[in-house]
Amino acid sequence: TFDEYQQKSQRTAVKDKPEAILFSCMGLCGETGEVLEKINKYYDNEADEVTEPEKIKDELGDVLWYLSDIAFKHNQKLSDIHYPGTYCCIKDAGINLAIASANVADYLKKVYGHNHTINLERLKELLGVVLHYMGVISHHSKFDLTDVMEFNIDKLMKRYPEGFASEKSINRVV
């Protein structure tokens with residue numbers, strides 16, 4: 001479930017730095033860019049048709065990790081975040097995912113950088129838009145967000161079996 005994923009993913013979250021939310025905003029946008037890159041290669045027939053959906057799943061897992069971390073740091077459960085969006089082609093979903101991720105980062109920049117008051121309902125709405133387009137991309141790639149969650153947690157457990165540590169991140173092999 002989303003809540004189980006969120007709990008497990010927090011094992012690898014940065015918790016002891018005041019700028020941790022900034023890391024998550026930048027990560028959300030950066031990983032979204034990687035999803036777009038994979039979509040573009042796959043659907044322009046520049047990539048291996050067997051491995052590219054797995055690469056999309058991997059990158060969506062990273063987007064989900066940052067989305068989950070942002071929600072967690074604001075006491076929001078992923079299971080409470082919904083967005084009844086519209087269905088679209090995968091390239092449009094990729095572009096909309098990028099816009100939605102940038103909107104989350106921009107909103108939190110205003111909260112943390114410009115001292116705006118946070119509106120948690122607005123944040124949930126913005127996170128829900130990101131989650132929606134992740135679902136559209138997953139559907140087009142023939143897997144669902146449950147697959148993304150499982151894939152991501154497996155990767156994180158291999159990479160950081162004892163939880164996140166800067167040293168392991170610097171010398172990462174997996």
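As shown above, the structure is provided for reference.
Conventions adopted
Residues numbered from 1 in each chain as written. Predicted model: local features only at pLDDT ≥ 70, side-chain atom pairs only at ≥ 80, totals over all residues. Heavy atoms only, no water. Core = buried A, V, L, I, M, F, W, Y, C linked by side-chain atoms within 4.5 Å. Buried < 20%, exposed > 50% of the residue type's maximum accessible area, 1.4 Å probe, protein only. Helix = DSSP H or I, 4+ residues; strand = E, 2+ residues; numbered from the N terminus. Phe/Tyr/Trp six-rings, centres within 6.5 Å; stacked < 30°, edge-to-face > 60°. Lys NZ or Arg CZ within 6 Å of the ring centre and 35° of its normal. Arc of directions from axis to C-beta. Contact = heavy atoms within 4.5 Å.

1. Focus: the nonpolar core
Nonpolar side chains in soluble globular proteins generally cluster together in the buried interior.
Okay, step 1: Counting residues in each nonpolar core, the largest one holds 44 residues, and the members touching the most others are L60, L64, I70, V130, M134 and I137.
Okay, step 2: Those elements that place two or more of their residues in this core are helix 2 (20–43), helix 3 (52–73), helix 4 (90–113), helix 5 (120–140) and helix 6 (145–159).
Okay, step 3: If one sorts the elements of this core by residue count, helix 5 sits on top with ten residues.

2. Looking at the packing of aromatic side chains
Okay, step 1: Throughout the structure, instances matching the rule amount to one aromatic pair.
Okay, step 2: Ring centres of W65 and Y66 lie 4.9 Å apart, and the angle between their planes is 85°; on these two criteria the pair is classed as edge-to-face.
Okay, step 3: W65 gets classed as buried once you look at its relative accessible area, which sits at 10%.
Okay, step 4: The cationic tip of K57 hangs over the ring face of F143; the distance from NZ or CZ to the ring centre is 5.3 Å.

3. Here we look at helix 1 (residues 2–9)
Okay, step 1: Of the positions making up helix 1, those classed as buried are Y5, Q6 and S9. Buried residues of helix 1, viewed axially, fall in a sector of 100°; they line one side.
Okay, step 2: Contacts made by the buried residues of helix 1 are with helix 3 and helix 6.

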